[in-house]
Amino acid sequence: MDWRKGFSASYYAMVVDPVTWKDTERIDIIGGSISHKESDLRVSGDIDCVRFDYGETWVRVYLDAFQGQDSAHVPLITGLTCCPDDDFDGFYRTNAVEIYSVLKPCEDVLLPRGYYVPAGQVGADAIKDLLKVSPAPIVIEGDSPRLQSNIVAENGENHLTMIEKILLAINWRMTLRGDGTIVLSPKSDEPVTSIDTVENDILEPKIKRSKDWYSCPNVFRAIIDSITAIARDDDPDSPYSTVSRGREIWEEDDNCDLNDRESPSEYAHRRLKEAQNVTETITYDRRFLPDADVTDCITLNLSGLGITGKYRIRSQSIELTHGARTSEEVVRV
């Protein structure tokens, strides 16, 4: 299918066996939405069904797309439902069903007191162990860095919050495929697609751009034991630098988790670059693309609007309607 062009769509859900991770019974749905974000459970969904006769169960929502003679069968979300309320109109019953991502079991299980991940452990392997409370398949892409220092669980620490700490320490990301597979991979600035007004014009006309210059730092101080590392943006070509703005805006981190073989100075420069990523935000609605996920990078080339460059997807919302309309927020890389 050519996802740049229009298509007709239908949606349904399937009950998933948590042991085999395969589809079993079909559930007809009449609408809903699916949301993606960078952190926490990553993915959530709301679907409207006629007679949802299940309690807490694993489900998978599908998009069937049709475009002339071509078609596609795309899983959009796999997750755990809660027991919904019943809405009656006479004898006609409907249910609004919430879907939690496959990371929900990780959020629900506390770690033992005194738990820690030791320095030298391969970060992705430690995350994989913590993910085993979920039945979802796990894929590790690439060679993971090792931890440079111990990461100790705090009071009330659960599996998911510990995973977030390890991801930050090794500078990796965790994404969820529509079939529920959990993917651990390095962060990448390589664009997965390009959106422009000629080759891939999939945006709706209304676009919003905002710039959060007020809180954007141009000096970052990292404190690691007795070592202090300071990174500065003094580049006259950078709109956020001390030179361009004529003043310094500081940010500090005294609880640093360094990557494997990363120096304090390199950590400070990396964190300054990350802190400056949130300065320009673009929001828009577009046609559905199956391979552009939150934390992926895309290229925008809307020269007529003065919007060109590389952006990272921060959030998405997919409406289960005609064409799977997608609302998206991206930040400049």
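Attention here is on the structure that accompanies the text. Note that this is a predicted model, so its numbers are computed, not measured. (Residues numbered from 1 in each chain as written. Predicted model: local features only at pLDDT ≥ 70, side-chain atom pairs only at ≥ 80, totals over all residues. Heavy atoms only, no water.)

### A few points about the layout of surface pockets
- Quantified by volume, the largest pocket comes out at close to 870 Å³.
- For the largest pocket, the lining is made up of 23 residues, of which Glu38, Asn171, Lys187, Glu274 and Arg312 are closest to its centre.
- When contributions to the lining of the largest pocket are tallied by element, the ones reaching two or more residues are helix 3 (159-170), strand 11 (172-176), helix 5 (264-275) and strand 20 (307-319).
- The greatest single-element share of the lining of the largest pocket, amounting to four residues, is contributed by helix 3.
- Looking at the lining of the largest pocket residue by residue, the class counts come to seven nonpolar, four polar and twelve charged.
- Size it by volume and the second largest pocket reaches roughly 500 Å³.
- Surrounding the second largest pocket, 29 residues form its lining, Leu176, Arg177, Gly178, Pro290 and Asp293 being those nearest its centre.
- Within the residue set of the lining of the second largest pocket, elements represented by two or more residues are strand 5 (70-81), strand 11, strand 12 (182-186) and strand 20.
- Examining the composition of the lining of the second largest pocket, we find that five residues originate from one element, strand 5, more than from any other. (1 Å grid on protein atoms, 1.4 Å probe; cavity = no way out; pocket = protein on both sides within 12 Å on 5 of 7 lines; lining within 4 Å. Points joined across faces, edges and corners; volume = space filled by probe spheres on them. Helix = DSSP H or I, 4+ residues; strand = E, 2+ residues; numbered from the N terminus. Nonpolar A, V, L, I, M, F, W, Y, C, P; charged D, E, K, R; others polar.)

### Some thoughts on helix 5
- Taking 1.5 Å per residue as the helical rise, helix 5 with its twelve residues ought to reach 16 Å, and the 16 Å between its terminal C-alpha atoms agrees with that figure.
- Among the residues of helix 5, those classed as buried are Tyr267, Ala268, Arg270, Arg271, Leu272 and Ala275.
- Each element contacted by the buried residues of helix 5 is listed here: helix 3, strand 15 (219-224), strand 16 (227-232) and strand 17 (250-253). (Expected span 1.5 Å × (residues − 1). Buried < 20%, exposed > 50% of the residue type's maximum accessible area, 1.4 Å probe, protein only. Contact = heavy atoms within 4.5 Å.)

### Looking at the packing of aromatic side chains
- In this structure the tally under the stated criterion is five aromatic pairs.
- Each residue in the set Trp3, Phe7 and Phe288 is aromatic and connected to the rest through ring pairs, giving one cluster.
- Taking the ring centre of tyrosine 12 as reference, the NZ or CZ of arginine 26 above it sits at 4.0 Å.
- Residue placement shows lysine 104 over the ring face of tyrosine 100; its charged tip is 5.5 Å from the ring centre. (Phe/Tyr/Trp six-rings, centres within 6.5 Å; stacked < 30°, edge-to-face > 60°. Lys NZ or Arg CZ within 6 Å of the ring centre and 35° of its normal.)

### Digging into the sheet that holds strand 16
- Spatially, three strands are ordered 16-15-17 in an open sheet, and the strand pairing comes out mixed. Either end of the sheet is taken by a strand with one partner, and the two such strands are strand 16 and strand 17. Taken over all neighbouring pairs, the strand axes of this sheet differ in orientation by 15° on average, direction set aside.
- Pairing analysis gives six bridges linking strand 15 to strand 16, with the strands arranged antiparallel. Within the sheet, the bridge partner assigned to phenylalanine 220 lies in strand 16 and is alanine 231.
- Along the sheet, helix 5 makes contact with strand 15, strand 16 and strand 17, crossing strand 16 at roughly 40°. (Pairing = 2+ DSSP bridges. Axes fitted to C-alpha atoms, helices over the stretch in contact; angles between N-to-C directions.)

### Concerning the environment of leucine 167
- Summarising the element assignment, leucine 167 is placed in helix 3.
- For leucine 167, a relative accessible area of 5% puts it in the buried group.
- Between the C-alpha atoms of leucine 167 and leucine 80, which are 87 residues apart in sequence, the distance is 24 Å.
- Discounting chain neighbours no more than four positions away, the residues touching leucine 167 are Arg42, Ile127, Trp172, Arg173 and Met174.

### Structural notes on a nonpolar patch on the surface
- Nonpolar side chains collect at one region of the surface, where Ile30, Val50 and Tyr92 lie side by side and expose about 290 Å² of accessible area between them.
- Structurally, isoleucine 30 can be placed in strand 2 (residues 23-37).
- Relative accessible area serves as the criterion here: at 56%, isoleucine 30 is assigned to the exposed category. (Patch = residues over 30% accessible without salt bridge, like charges linked within 9 Å, V, L, I, M, F, W, Y side chains within 5 Å. Areas by Shrake-Rupley, 256 points an atom, 1.4 Å probe, with all protein chains shown as cover. Salt bridge = Lys/Arg side-chain N within 4 Å of Asp/Glu carboxyl O.)

### Points about the pairing of strand 18 (residues 280-286)
- Taken across its seven residues, strand 18 has six buried, putting it largely inside the fold.
- Bridge count for strand 14 (residues 203-211) against strand 18 is six bridges, and the pairing is antiparallel. Counted as the bridge partner of arginine 209 is isoleucine 282 from strand 18.
- Here six bridges tie strand 18 to strand 21 (residues 326-332), and the two strands are oriented antiparallel to one another. Note that in strand 21 the partner of tyrosine 284 across the bridge is glutamate 328.

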